[in-house]
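Survey of secondary and tertiary structure
Single-letter residue listing:
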Amino acid sequence: DRGPSVDAWRSQFPLRAQGRHLVNRWGKRFKLAGVNWYGASDAYHVVGGLAARSLEGICSAVVAMGFTVVRLPFSSEMLRAPRVPEGAIDYELNPGLQGLSPMEVYDRVVDALGKCGVAVVVNNHTTLGLWSGGPEVNGLWYLEGSEEYTEDRWIGDWLSVASRYADRPHVIGYDLRNEVRPTTLLGTMAQGPGWGSGAEKDWAMAAGNCARALVSQETNRALIIVERLAWPQASLTSMLEPTPPWEAWGVPRDRLVLSLHMYAWSGPGYWSPKAFVGHLTHAFLQASDFVRSSSLYGELDDQALERQMDVDFGFCLDQDLCPVWLSEFGADLNSEYERPWFMKVCQYLRRKDVDFAYWPLNVGAKPGSNEDESYGLLTNDWQPRWADARVRALRQLMPSTFTREGPALLRSPSLLFRFDDGSTTDDEGLHSAHALAPPPWYLWVSLHGRDADPGQDATVAFGRLPEMKRQCLEGGFEGFALHKDVAYMRRAPADELKSRLQDGFNDTVLFLAEEIRLCAVWNIFTEELMEKMGTDDVDDTFELPGNSQSVQEACQRACLRRGYHGYETHSDRPGWARLLSQPAAMRMRRRLSLAHVANNFPEDDVVPVRRLHFVENTLVRVRLEAFAGCDAFPGCNALVVKGASIAECKRLCLEEGFGGFVMYSGDAYFRTAAADSLRRRLVPLPGSTFYILACEEIAATEGLDDGLAKSAARREILGQLMPKLWQNCSGSIER
């Protein structure tokens, strides 16, 4: 519950630990349903995505997806870096960040998230601004052999950060250090850090020193979050026995949160590199693990994985001992090894109601490398990827009622596909992807005396014309040339065939199938004369502080999920909305018709404007735009399908929310950005063809300012075409 305003939302902080839960000032639970947004801990020293989208836009995506907190990694080097490296920020998209230091950009990110009603946990992820993973220089909280980055400097940096954000109550926690681990491969066996060892690399001693320093500073009462050692990944029992840290360190129990990370390729109780090595080395390590009866998390069966999570951290929750935050876990959607594991973990988190943070929000190339971030949740242009199975699974874990209502919408440039209430669920209780897309119809175009790609016949068909059309669609084709009662199927999409039309083919008719889908679109009315129309009862009212884009997403999803027929917003209250039931929407439509309130928008929102948003059905033409010799966002592969047909790729775009794909050497590489972004990012790639999924409304509403006229135009097209569209071979129309 994010409250009626930003100030009211912030007033609930600071949080405190109460048994296994975190509660606000009024004793109400605040669930950490988070996501990691990295970049400030890496080579660029600023969060990712600022070269692709505005800071405010990315924050809106975080809110729209339902996250309540962002874990915001930083490096000790970033705190003192003088300037942002070139290419890290697009200053046309983010002019307000021009000339700022990395620390000042980090401040702006913290503030922007707070304005959207998202809490922040600041996390000292690395010492040097480098990608973190494996035994490496950033494994400890200090830099071995360095006179600059010592333990004392690390504690001093934390005191500085705490003082800097003392007036930002939405900075709810300090995550002292990410994944403490050995700095060398040899250290994984003998010289690594320990917990309670009393030696130089005693993480318990260092964390206690830092926690006491933060508590004594008393600038605010943010939570202190302490992670278990990354290697070996032992049970949290090792941190709680023989003496729990709040007693051993002499700090308030209600300030401490224990944290851990889990991935399919990591393992309980030990460290193994076998997920990252070649087949021969993997086989050797696998045999060694068999002898030792050791397994990675991803190798455990369902029951063993659940038992292991109970041993690792579930006991803390079951016994109401202390809060536990699974502050990193994630998976590659295309990995047959990682994806099922991730879904099992989500089921456990949902059943136990665990606080979590997914890794990561980010997409694109990892900082300082060309490796693609395959775990990312967003599209290539940093928009919510609603059809992603991981997003759908995570939304089942969110605390808000607006984020636990089944599948997300498909993305399209300007239209929202209508939700099919007859959707099915898979074994994991998640809505299947095929339920997201409305069923297709087809409008047949007949071109007499013309052909395209003559001689390039995929196959041939015989019979009556309706049978030929059925075979064309069932075969995954979008057109055929009919000559002397024989249909010659064409491989290319309809739009490509149109671009290669040839005349002079007597006794030949080229038939092209245009795909049509019934979708939902939003008709918006402004109501400066609303007082004359009166008010009306509504079923629901809610607010998201200070973010009109987020509340619009929530309202649209509520309409398409829960049967509302519209919603009302007000420019003077950007986070406020009221949902309209069917009777309320019908009454308001009648009043609008009588009053004939025009859809005239002011030049700006200086004058408060009340707006009504009604759901309307419309017919949308779905097609593929082809760009020979091109690619977009090269290397950012959301999915790779070997030997795919064009028809199969188009279906996947509709069902999974991809914006397009590149065909290269017979394989399809999918992209998640919207059509406009893909067109802007096209680059040469010889021997390829890039296809963009394009959706356009058939009704001629462009240029109509009157909302009532738009409604009439849509109804007219629906009345004309619906009885004539071809579906399941029931009939067709030719033009």
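Residues numbered from 1 in each chain as written. Predicted model: local features only at pLDDT ≥ 70, side-chain atom pairs only at ≥ 80, totals over all residues. Heavy atoms only, no water.

**Comments concerning the overall build of the chain**
- If you tally the helices and strands in the chain, you get 19 helices and 25 strands.
- Taken over 735 residues, the chain has a buried fraction of 57%.
- Residue pairs in contact within the chain that sit at least 24 positions apart in sequence constitute 74% of those at least 6 positions apart.
- Carbon and sulfur atoms make up 50% of the accessible area of the chain, which totals about 29900 Å². (Helix = DSSP H or I, 4+ residues; strand = E, 2+ residues; numbered from the N terminus. Buried < 20%, exposed > 50% of the residue type's maximum accessible area, 1.4 Å probe, protein only. Contact = heavy atoms within 4.5 Å. Areas by Shrake-Rupley, 256 points an atom, 1.4 Å probe, with all protein chains shown as cover.)

**Here's the deal with helix α4 (residues 151-164)**
- Taking 1.5 Å of rise per residue, 14 residues should cover 20 Å, and α4 covers 20 Å from first to last C-alpha, within 8% of that figure.
- Among the residues making up α4, those that are buried are Trp154, Ile155, Asp157, Trp158, Val161 and Ala162. Here the buried residues of α4 occupy an arc of 155 degrees about the axis, which is enough to place them on one side.
- Looking at the buried positions of α4, the neighbouring elements they touch are β4 (69-75), β5 (119-126), β6 (171-175) and α5 (203-217). (Expected span 1.5 Å × (residues − 1). Arc of directions from axis to C-beta.)

**Description of unusual backbone geometry**
- In the segment running from Glu241 into Pro242, the intervening peptide bond is cis, with an omega of 5 degrees.
- Mapping Pro242 onto the fold places it in the loop between α6 (237-240) and α7 (245-249).
- Residues Trp359 and Pro360 are joined by a peptide bond in cis, for which omega reads -15 degrees.
- By the element assignment, Pro360 lies in the loop between β10 (355-358) and α11 (389-395).
- Positive phi values are uncommon outside glycine, yet Asp485 reaches one of about 65 degrees.
- Among the structural elements, Asp485 can be located in the loop between β14 (479-483) and β15 (486-490).
- Residue class for Asp485 comes out exposed when judged on its relative accessible area of 63%.

**Details of helix α10 (residues 338-352)**
- For α10, built from 15 residues, the straight-helix expectation of 21 Å at 1.5 Å per residue is met to within 8% by its first-to-last C-alpha distance of 21 Å.
- Those residues of α10 that fall on the buried side of the exposure criterion are Glu338, Trp341, Phe342, Met343, Val345, Cys346, Tyr348, Leu349 and Lys352.
- Taken together, the buried residues of α10 touch α9 (302-318), β9 (324-328), β10 and α11.

**Regarding the confidence of the model for the chain**
- Per-residue confidence for the chain gives a mean pLDDT of 84, with 84% of residues at or over 70.
- Of the regions scoring below 50 in pLDDT, residues 596-607 engages in 26 contacts with residues more than four places distant in sequence or in other chains.
- With pLDDT under 50 throughout, residues 728-735 is counted as low confidence; its partners more than four residues away or in other chains account for 21 contacts. (pLDDT = per-residue confidence, 0-100.)

**Re the pairing of strand β25 (residues 682-697)**
- Judged from the twelve bridges that link them, strand β21 (residues 610-632) and β25 form a sheet pairing that is antiparallel. In the strand pairing of β25, Arg623 is matched with Ala694.
- As paired elements, strand β23 (residues 660-664) and β25 share five bridges and run antiparallel to each other. Each bridged residue has a counterpart across the sheet, and for Tyr664 the counterpart in β25 is Ser688. (Pairing = 2+ DSSP bridges.)

**Some thoughts on the sheet that holds β9**
- Strand order in the closed barrel made by the eight strands is β3-β4-β5-β6-β7-β8-β9-β10, with parallel pairing throughout. Strand-to-strand twist of the sheet, defined as the mean angle between neighbouring strand axes without regard to direction, takes the value 25 degrees.
- Running at roughly 160 degrees to β5, α4 makes contact with β4, β5 and β6 of the sheet. (Axes fitted to C-alpha atoms, helices over the stretch in contact; angles between N-to-C directions.)

**Re the pattern of salt bridges**
- Tallied over the full model, the rule gives 46 salt bridges.
- Arg470 is paired through a salt bridge with Glu474; the nearest N and O atoms lie 2.5 Å apart. One end of the pair, Arg470, and the other, Glu474, are both in helix α12 (residues 465-474), four residues apart, so they sit about a helical turn from each other.
- Residue Arg470 is classed as partly exposed on the basis of its relative accessible area of 23%.
- In this structure, a network of salt bridges that share partners links the residues Asp495, Lys498, Glu514, Arg621, Arg623, Glu625, Asp676, Arg679 and Glu696. (Salt bridge = Lys/Arg side-chain N within 4 Å of Asp/Glu carboxyl O.)

**Description of the side chain of Lys650**
- With respect to the element layout, Lys650 can be found in helix α17 (residues 646-656).
- A polar atom in the side chain of Lys650 sits 3.0 Å from the side chain of Glu478.
- Not counting residues within four places of it along the chain, the set of residues in contact with Lys650 comprises Glu478, Glu515, Val622, Arg623, Leu624, Phe661 and Leu693. (Polar contact = N/O pair within 3.5 Å; in protein donor to acceptor, adjacent residues only side chain to side chain.)

**Section: the side chain of Glu328**
- Mapping Glu328 onto the fold places it in strand β9.
- With relative accessibility at 3%, the residue Glu328 sits in the buried group.
- Looking at Glu328, its side chain comes within polar contact range of the side chain of Tyr263, at 2.6 Å.
- Those residues in contact with Glu328 that sit more than four places away from it in its chain are Asn36, Arg71, His125, Asn178, Glu179, Leu260, His261, Met262, Tyr263, Ala357 and Trp359.

**Overview of the state of the cysteines**
- For the structure shown, the criterion picks out zero disulfides.
- With no disulfide of its own, Cys322 lies closest to Cys316 among cysteine sulfurs, the gap being 4.2 Å.
- Cysteine Cys653 remains unbridged, with the sulfur of Cys649 as its closest cysteine sulfur at 7.0 Å.
- For Cys653, a relative accessible area of 2% puts it in the buried group. (Disulfide = S-S within 2.5 Å.)

**Considering the nonpolar core**
- In terms of nonpolar packing, the biggest core is built from 114 residues, with Trp37 and Leu176 touching the most fellow members.
- With eight residues, α5 is the single largest residue contributor to this core.
- The contacts of Leu176, once residues within four sequence positions are left out, are Asn124, Trp154, Trp158, Trp203, Ala207, Cys210, Leu214, Ile224, Ile225 and Val226. (Core = buried A, V, L, I, M, F, W, Y, C linked by side-chain atoms within 4.5 Å.)

**Quick notes on the environment of Gly19**
- Note on placement: Gly19 falls in the loop between β1 (16-18) and β2 (21-23).
- Sequence spacing of Gly19 and Leu317 is 298 residues, and the spatial spacing of their C-alpha atoms is 8.3 Å.
- Setting aside chain neighbours within four positions, we find Gly19 in contact with Asp320, Leu321, Cys322 and Pro323.

**What about the packing of aromatic side chains?**
- One pass over the full model with this rule turns up 25 aromatic pairs.
- Relative to Trp249, the ring of Trp195 lies with its centre 6.1 Å away and its plane at 50 degrees, an arrangement referred to as tilted. With a gap of 54 residues between them, Trp195 in the loop between β6 and α5 and Trp249 in helix α7 connect regions that are remote in the sequence.
- Take Trp195: its relative accessible area is 21%, and that puts it in the partly exposed class.
- Classification of Trp249 as buried rests on a relative accessible area of 8%.
- Relative to Tyr348, the ring of Phe313 has its centre 5.8 Å away and its plane inclined at 85 degrees; by these criteria the two rings are edge-to-face. Here Tyr348 lies in helix α10 and Phe313 lies in helix α9, a separation of 35 residues in the sequence. (Phe/Tyr/Trp six-rings, centres within 6.5 Å; stacked < 30°, edge-to-face > 60°.)

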